[in-house]
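Breakdown of the fold
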Amino acid sequence: MVDLLAEADIRIGGDRPWDMQLNNTGVPERVFAGGSLGLGESYMDGDWDVPALDEFFYRIMKANLEQRVRPSTVVWQAIKSRFLNRQTLSRSRRVGEQHYDLGNDFYAAMLDGRMTYTCGYWRNAETLDQAQEAKLDLICRKLKLEPGMRILDIGCGWGSFMAYAAEHYGVECVGVTISKEQVAWAKARYPHLPLEFRLQDYREVEEQFDRIVSVGMFEHVGHRNYRTFMEVAHRCLKDEGLFLLHTIGKNERKPYSDPWIDRYIFPNGELPSIGQVGDAADNLFVVEDLHNFGRDYDRTLMAWHANFEANWPRFADELGPRFYRMWRYYLQSCAGLFRARDIQLWQWVLSKGGTPDVFPRIS
């Protein structure tokens, strides 16, 4: 373990923010036996510490150390993903119950004022609120929204896009989510706007819409359902409409997710490759535009982490120290992965038969 970490310029017992401090014996054995699951669980148990987890993971990913530790947990994860549909209708609500239903007060303390739980757009932004509003407006402009249009938001979260689009572009929106907490919060927050929030799986939507948007939900669909997702979007989009898909993605096709993330953060989730998204859209959509701003997710996650740390005393008694270490590990490790460009953030703009003019690059 010392030799491996040295390849990433990480020292055990060093004095730099990204150096690893061992608090207990057995950490190397847990890491080599369990890979990312052993690393994450031993951190949650307090067996080791790193002040700057984001930089620790950035260095690990840039040195490709994760390729050198391939335990049986990864093999089992790949087997399950290959032969099982882990995102069926019956399984789809588990992530809502485990992750998104943690409590609206908790997410309000971590996120921006609109409760936007996806990557911000930092091109001209200085604060988290500015970055999130810039992202919402970017989506509206790419979709060419006009007053009176009816929009479907697949995986609407707490309704940040729907509310922004209704307020600034005069549209009506229907949003579907599998989180009852999100539906309750959004209905209470936006009774004055032409918005409809449904506790519903995307596969159950039948109506047609002028535009469709899905922001940060495709990561929960799973490779066995990518084609179904695109077929639903195609069915629900009017012939002259546009569909914007905003999703995290990975650099290679592999039919499994990180075992630690799968167990503790996003059960049954899976990141697509760019080829998998393209395959799913074959003969259904024309790709009008593809925009990668994954580097902005690093800054977004670190802003969320700063808010989480600042507000943690309000939740410490309820959630406890092990949750604190888990959540800190989640936010900062993901920031490190985006920083290393191991994972990406894509916005796809899709049409049914192609737009009549060249689609302008909007940024």
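These lines cover the structure that appears in this document, whether it is placed above or below. (Residues numbered from 1 in each chain as written. Predicted model: local features only at pLDDT ≥ 70, side-chain atom pairs only at ≥ 80, totals over all residues. Heavy atoms only, no water.)

Let's shift gears to the packing of aromatic side chains. Scanning all chains against the criterion turns up 35 aromatic pairs. Between F229 and F243, the aromatic rings sit 6.3 Å apart at their centres with planes inclined by 40°, giving tilted as the arrangement. Placement of F229 in helix α11 (residues 226-236) and of F243 in strand β7 (residues 237-250) is noted, with a sequence separation of 14 residues between them. On the accessibility criterion, F229 (0% relative accessible area) is buried. By relative accessible area, which is 0% here, F243 ends up buried. Sitting over the face of the ring of W18, R59 holds its NZ or CZ atom 3.8 Å from the ring centroid. Between the NZ or CZ atom of R325 and the centre of the ring of Y43, over which it lies, the distance is 4.0 Å. (Phe/Tyr/Trp six-rings, centres within 6.5 Å; stacked < 30°, edge-to-face > 60°. Helix = DSSP H or I, 4+ residues; strand = E, 2+ residues; numbered from the N terminus. Buried < 20%, exposed > 50% of the residue type's maximum accessible area, 1.4 Å probe, protein only. Lys NZ or Arg CZ within 6 Å of the ring centre and 35° of its normal.)

The interhelical angle for the contact between helix α3 (residues 36-44) and helix α15 (residues 316-339), taken along N-to-C directions, is 135°, at an axis separation of 8 Å. Relative to α15, α3 is oriented oblique. Taking contact as the criterion, the partners of S36, L39, G40, E41, Y43 and M44 in α3 are, on α15, R322, R325, M326, R328 and Y329. In the contact of α3 with α15, the residues fall into 5 nonpolar, 2 polar and 4 charged. (Axes fitted to C-alpha atoms, helices over the stretch in contact; angles between N-to-C directions. Parallel < 35°, antiparallel > 145°, perpendicular 65-115°, else oblique. Contact = heavy atoms within 4.5 Å. Nonpolar A, V, L, I, M, F, W, Y, C, P; charged D, E, K, R; others polar.)

Another point: the nonpolar core. Generally speaking, nonpolar side chains in soluble globular proteins are found buried as a group. Core analysis: the biggest nonpolar cluster contains 93 residues, and W48, F56, Y117, F161, W260, W327 and Y330 have the highest contact counts within it. Per-element tally for this core: the top contributor is α15, with 10 residues. Excluding anything up to four places from it in sequence, W260 contacts S36, L37, G40, E41, M44, I265, M326, Y329 and Y330. The next biggest cluster of nonpolar side chains, apart from the first, holds 28 residues, and it includes F218, C236, L237 and A280. (Core = buried A, V, L, I, M, F, W, Y, C linked by side-chain atoms within 4.5 Å.)

Moving on, we come to the environment of D19. Take D19: it is sitting in the loop between α1 (2-7) and β1 (21-22). Excluding anything up to four places from it in sequence, D19 contacts D9, I10, R11, G14, D49, V50 and P51. Of note is the side chain of D19, whose polar atom sits 3.3 Å from the backbone nitrogen of D15. (Polar contact = N/O pair within 3.5 Å; in protein donor to acceptor, adjacent residues only side chain to side chain.)

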